[in-house]
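# Coordinates in review
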Amino acid sequence: MRGPLYHVFTADLKIVYFNLPGERTDYVEPESRRHVVAFLSTFLRMFETPEAREAMEEMAAEYLQWQRVTRNIDNLRDPSRIVEEYLVSIHQSFPVICVDETIYNKFKATRTRRRPWSETFFKGADHTASINAWMFFHMIDFDMYSQQYKTWQFIFASALLREIGGHLLMHFLKGRDEPRATTPPPITSVIQAALTNDPSRGDAGRKFECAMFGGHIDYFRDPNENTGKAMVPYMVLPDPREYPKCVGYRIDQRTIENIINWSECISNDCMRTTLRQYR
């Protein structure tokens, strides 16, 4: 029986720092650790919902189907059992959190550094979930109870959800023998295919996100605004009137705070009923 990820809030959580030359230091000051734990707590609330598990099981089922069709691999394993194994491994060994200055894209909140499996088993701590240091330092400039801080908190939590619920799960599904294999084309979302105009390119993170929320969570900023302010989160959905075009809906601040304070469930309905259409 696996329990909640309580060890994330203990000293077992490993946080490292990458500076611009790409050098790693294992020391992160306690104040920064406190802010990392803040957005991790929001991530965990979303990650441990039935909706997140259902999204991972859907992706696992599609990957097994792709193996059957393209590689004639008749894998009879149950997607729910595979996801359970993955969740157990994440509970036992959480990925290293890295405050990363080498993420130069100021619109990319997170990325994962996925390494080959340890021997014949998957170990979460072998992999690194990096957060954009530039964004992180802007976040900690604000009071923890401010609207700006909570928005940054949601941005990091939802982006980390995409990395661990999507990309790292795909690394687990591909197994020890295919650590560098690309994500199969079917593992993507209709939104991603429309935005990139490339249906042959898979994206496990977007697949997971779309299965869980019904759309992509993206972040935009008005170029005329102060760059220190948090970006504005939007839900991107297919435009029912002009598909394959997409339309963005601004995520209401009340929704963000409800998720952080956990006063509402996380589900498609919860997210969608509190969206404001971007005009």
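This write-up is about the structure you can find in this document. (Residues numbered from 1 in each chain as written. Predicted model: local features only at pLDDT ≥ 70, side-chain atom pairs only at ≥ 80, totals over all residues. Heavy atoms only, no water.)

Once that is clear, we can look at the overall build of the protein chain. Along the protein chain, the regular secondary structure elements total nine helices and nine strands. By residue count, 52% of the 279 residues in the protein chain fall in the buried class. Put simply, of all contacts in the protein chain between residues at least 6 apart along the chain, 67% involve residues at least 24 apart. Surface accessibility of the protein chain: about 13,600 Å² in total, with carbon and sulfur atoms responsible for 50%. (Helix = DSSP H or I, 4+ residues; strand = E, 2+ residues; numbered from the N terminus. Buried < 20%, exposed > 50% of the residue type's maximum accessible area, 1.4 Å probe, protein only. Contact = heavy atoms within 4.5 Å. Areas by Shrake-Rupley, 256 points an atom, 1.4 Å probe, with all protein chains shown as cover.)

On to the packing of helix 3 (residues 79–92) against helix 5 (residues 147–174). At their nearest, the axes of helix 3 and helix 5 sit 11 Å apart, and the two run at 110° to each other. Considering the angle they form, helix 3 stands roughly perpendicular to helix 5. Counting all contacts with helix 3, which are made through Ile82, Glu85, Tyr86 and Ile90, the residues of helix 5 involved are Ile164, Leu168, Leu169, Phe172 and Leu173. Residues that form the contact of helix 3 with helix 5 fall into these classes: eight nonpolar, no polar and one charged. (Axes fitted to C-alpha atoms, helices over the stretch in contact; angles between N-to-C directions. Parallel < 35°, antiparallel > 145°, perpendicular 65-115°, else oblique. Nonpolar A, V, L, I, M, F, W, Y, C, P; charged D, E, K, R; others polar.)

In this section: the sheet that holds strand 4 (residues 110–113). Sheet architecture is open: five strands sit in the order 2-1-3-5-4, paired in mixed fashion. Single-partner strands in this sheet number two, and they are strand 2 (24–25) and strand 4. Two elements, strand 1 (residues 15–18) and strand 3 (residues 96–100), share four bridges in a ladder whose sense is parallel. Bridge pairing in strand 3 links Tyr17 to Val99. Strands strand 3, strand 4 and strand 5 (128–132) of the sheet are contacted by helix 5, whose axis makes an angle of about 30° with strand 4. (Pairing = 2+ DSSP bridges.)

On to the packing of aromatic side chains. For the coordinates displayed, the defined rule picks out eleven aromatic pairs. Here Phe122 and Phe172 contribute two aromatic rings whose centre-to-centre distance is 5.1 Å and whose plane-to-plane angle is 90°, an arrangement assigned as edge-to-face. Separated by 50 residues along the polypeptide, Phe122 in the loop between strand 4 and strand 5 and Phe172 in helix 5 bring together distant segments of the chain. One exposure class covers both Phe122 and Phe172, and it is buried. One aromatic cluster is present, built from ring pairs that chain together Phe39, Phe136, Phe137, Trp152 and Phe156. (Phe/Tyr/Trp six-rings, centres within 6.5 Å; stacked < 30°, edge-to-face > 60°.)

Moving on to the pattern of salt bridges. Applying the stated criterion across every chain yields a total of eleven salt bridges. Asp100 is the partner of Arg111 in a salt bridge, and the nearest nitrogen-oxygen pair spans 3.2 Å. Here the residue Arg111 occupies a position in strand 4, and Asp100 occupies one in strand 3, the gap between them amounting to eleven residues. We classify Asp100 as buried; its relative accessible area is 0%. With a closest N to O distance of 2.6 Å, Asp218 and Arg206 form a salt bridge. Here Asp218 is found in strand 6 (residues 216–220), whereas its partner Arg206 is found in helix 7 (residues 204–213), with twelve residues between them in sequence. Each of the two residues, Asp218 as well as Arg206, counts as buried. (Salt bridge = Lys/Arg side-chain N within 4 Å of Asp/Glu carboxyl O.)

Within the secondary structure, Ile90 sits in helix 3. Each C-alpha atom, one on Ile90 and one on Gly124, is 5.3 Å from the other, the two residues being 34 residues apart in sequence.

Under the definition given, this model contains zero disulfides. Sulfur of Cys210: no disulfide; nearest cysteine sulfur belongs to Cys246 and is 9.3 Å away. (Disulfide = S-S within 2.5 Å.)

As a further point, take the pairing of strand 1. Within a regular beta strand, the side chains point alternately toward one face of the sheet and then the other, so they alternate between its two faces. With two bridges connecting them, strand 1 and strand 2 associate as antiparallel partners. When the bridges of strand 2 are listed, Tyr17 appears paired with Thr25.

Here helix 5 contains 28 residues, and its C-alpha end-to-end distance of 40 Å stays within 8% of the 40 Å for a straight helix at 1.5 Å per residue. For helix 5, a buried count of 26 out of 28 residues is recorded, marking the element as mostly surrounded by other parts of the structure. A positive backbone phi angle near 85° is found at Gly175, which sits one or two residues after helix 5. (Expected span 1.5 Å × (residues − 1).)

In this section: the nonpolar core. Of all hydrophobic cores here, the largest spans 68 residues; its most connected members are Phe39, Leu40, Phe43, Phe47, Tyr86, Ile97 and Phe156. The greatest single-element share of this core, amounting to 15 residues, is contributed by helix 5. Sequence-distant contacts of Phe43, that is, excluding residues within four places in its chain, are made with Phe94, Ala157, Leu160, Leu161 and Ile164. (Core = buried A, V, L, I, M, F, W, Y, C linked by side-chain atoms within 4.5 Å.)

Time to look at the pairing of strand 6. For strand 6, a buried count of four out of five residues is recorded, marking the element as mostly surrounded by other parts of the structure. Two strands pair when backbone bridges link them, and strand 6 and strand 7 (residues 232–238) are joined in this way by five bridges, in the antiparallel orientation. If you follow Phe220 over to strand 7, its bridge partner there is Val232.

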